[in-house]
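The residues making up each chain are set out below.
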Amino acid sequence: MRNLVERIKALLLTPRTEWPVIGRERTTAGDLFVNYAAILAAIPEVAHLIGQSFVGEDRAPFLSGLLRAVISYAVSLAAVYVVAGIIDLLAPRFGAKKNFPNALKLSVYSYTPLWLAGIFLIVPGLNFLLVLGFYGFYLLWVGLPLLMQVPNSDGEALRYTAVVAACALVPLLVLAIV
């Protein structure tokens, strides 16, 4: 758990120095999902379940909220994998090198701010604070040149980030509807 907190802190506060560290790590997809994504992706779902079932005046039934939380949790983990595939698939179009393990790292770690901001779902009136999750786009923009070897052009990395972000918003919209 200490490593998880240290990684989150370093990624959020000093992403330009943390991405090279992440790039050198030899982690498997299983490690990323079990030791990082699975834990953080649960934050918004548990917070939303508590917020909808136990906080406020308009309480939803617990079992229907639990079902929604399980489905949303599965979709959010699948979305991370799909976004990694998109990052890897688009790499040659932006002069980058295909590298799925690094694309998966980018995807997983770029979702960190959104997952952390999900804690605000515990109080129904604070849902607007999910906007803090947009910091993930900055993390992606900083990490793309390093992990996917985008040519030294901020413009190219920015375009790459914008296309990936647009594709990443689709699963988020699906989650919002559910």
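The model shown is predicted, which means the values in this text are computed figures rather than measured ones.

1. Side note on the confidence of the model for the protein chain
So, point 1. Looking at the protein chain as a whole, its pLDDT mean stands at 89, while 94% of the residues score no less than 70.
So, point 2. Mean pLDDT values for the elements of the protein chain range from 80 in helix H8 (residues 154-177) up to 97 in helix H5 (residues 100-110).

2. A closer look at the nonpolar core
So, point 1. Judged by nonpolar contacts, the single largest core of 41 residues is most densely connected at Trp19, Tyr36, Ile87, Met148 and Tyr160.
So, point 2. Of all the secondary structure elements, the ones that give two or more residues to this core are helix H1 (2-13), helix H2 (15-24), helix H3 (29-54), helix H4 (62-90), H5, helix H6 (112-117), helix H7 (135-147) and H8.
So, point 3. Among the elements that make up this core, the one with the highest residue count is H4 (eight residues).
So, point 4. Among all residues touching Tyr36, those that are not within four sequence positions of it are Leu4, Arg7, Ile8, Leu11, Asp31, Val108, Tyr109, Thr112 and Trp115.

3. Description of H3
So, point 1. Helix length check: H3, at 26 residues, gives a terminal C-alpha distance of 35 Å against a target of 38 Å (1.5 Å per residue), a fit within 8%.
So, point 2. Taking the largest bend as the criterion, H3 deviates by roughly 45°, centred on Ala37.
So, point 3. Residue Gly56 follows H3 closely and has a positive phi angle near 85°.

4. A short note on the pattern of salt bridges
So, point 1. Within the structure shown, the criterion is met by five salt bridges.
So, point 2. Of the charged contacts, one joins Glu25 and Arg7 as a salt bridge, the two residues approaching to 2.4 Å between their closest N and O atoms. Note that Glu25 is positioned in the loop between H2 and H3 and Arg7 in helix H1, a separation of 18 residues in sequence.
So, point 3. Residue classification places Arg7 among the buried residues on the basis of a relative accessible area of 12%.
So, point 4. Between Asp88 and Lys98 there is a salt bridge, with its nearest N and O atoms 3.8 Å apart. Here Asp88, found in helix H4, pairs with Lys98, found in the loop between H4 and H5; they are ten residues apart in sequence, far enough to count as distant.
So, point 5. Bridged by salt links that share partners, the residues Arg7, Glu18 and Glu25 form one connected network.

5. Comments concerning a nonpolar patch on the surface
So, point 1. Residues Val46, Ile50, Phe54, Phe62, Leu63, Leu66 and Val70 make up a contiguous nonpolar surface patch of about 640 Å² in total accessible area.
So, point 2. Of all the secondary-structure elements, those providing two or more residues to the nonpolar patch are H3 and H4.
So, point 3. No other element matches H4, which puts four residues into the nonpolar patch.
So, point 4. Position of Val46 among the secondary structure elements: in helix H3.

6. As for the environment of Leu140
So, point 1. Its place among the elements puts Leu140 in helix H7.
So, point 2. Along the chain, Leu140 and Tyr160 lie 20 residues apart, while their C-alpha atoms are 9.4 Å from each other.
So, point 3. For Leu140, the residues in contact, after removing those within four places along its chain, are Ile87, Leu106, Ser110, Thr161 and Val164.

7. Topic: the packing of aromatic side chains
By convention here, two paired aromatic rings are described through the distance between centres and the angle between planes.
So, point 1. Under the criterion given, the structure shown has ten aromatic pairs.
So, point 2. Measuring from ring centre to ring centre gives 5.5 Å for Tyr111 and Trp115, while their planes differ by 25°; the resulting arrangement is stacked.
So, point 3. A relative accessible area of 9% means that Tyr111 is categorised as buried.
So, point 4. The exposure class of Trp115 is buried, given its relative accessible area of 3%.

8. Some details on the packing of H1 against H2
So, point 1. The interhelical angle for the contact between H1 and H2, taken along N-to-C directions, is 130°, at an axis separation of 6 Å. In terms of orientation, H1 and H2 fall into the oblique class. Mapping the contact onto sequence places Arg7, Ala10, Leu11, Leu12 and Leu13 in H1 and Pro15, Glu18, Trp19, Val21 and Ile22 in H2.

Conventions we followed
Residues numbered from 1 in each chain as written. Predicted model: local features only at pLDDT ≥ 70, side-chain atom pairs only at ≥ 80, totals over all residues. Heavy atoms only, no water. pLDDT = per-residue confidence, 0-100. Helix = DSSP H or I, 4+ residues; strand = E, 2+ residues; numbered from the N terminus. Core = buried A, V, L, I, M, F, W, Y, C linked by side-chain atoms within 4.5 Å. Buried < 20%, exposed > 50% of the residue type's maximum accessible area, 1.4 Å probe, protein only. Contact = heavy atoms within 4.5 Å. Expected span 1.5 Å × (residues − 1). Bend = angle between axes of the 7 residues up to and from the residue. Salt bridge = Lys/Arg side-chain N within 4 Å of Asp/Glu carboxyl O. Patch = residues over 30% accessible without salt bridge, like charges linked within 9 Å, V, L, I, M, F, W, Y side chains within 5 Å. Areas by Shrake-Rupley, 256 points an atom, 1.4 Å probe, with all protein chains shown as cover. Phe/Tyr/Trp six-rings, centres within 6.5 Å; stacked < 30°, edge-to-face > 60°. Axes fitted to C-alpha atoms, helices over the stretch in contact; angles between N-to-C directions. Parallel < 35°, antiparallel > 145°, perpendicular 65-115°, else oblique.

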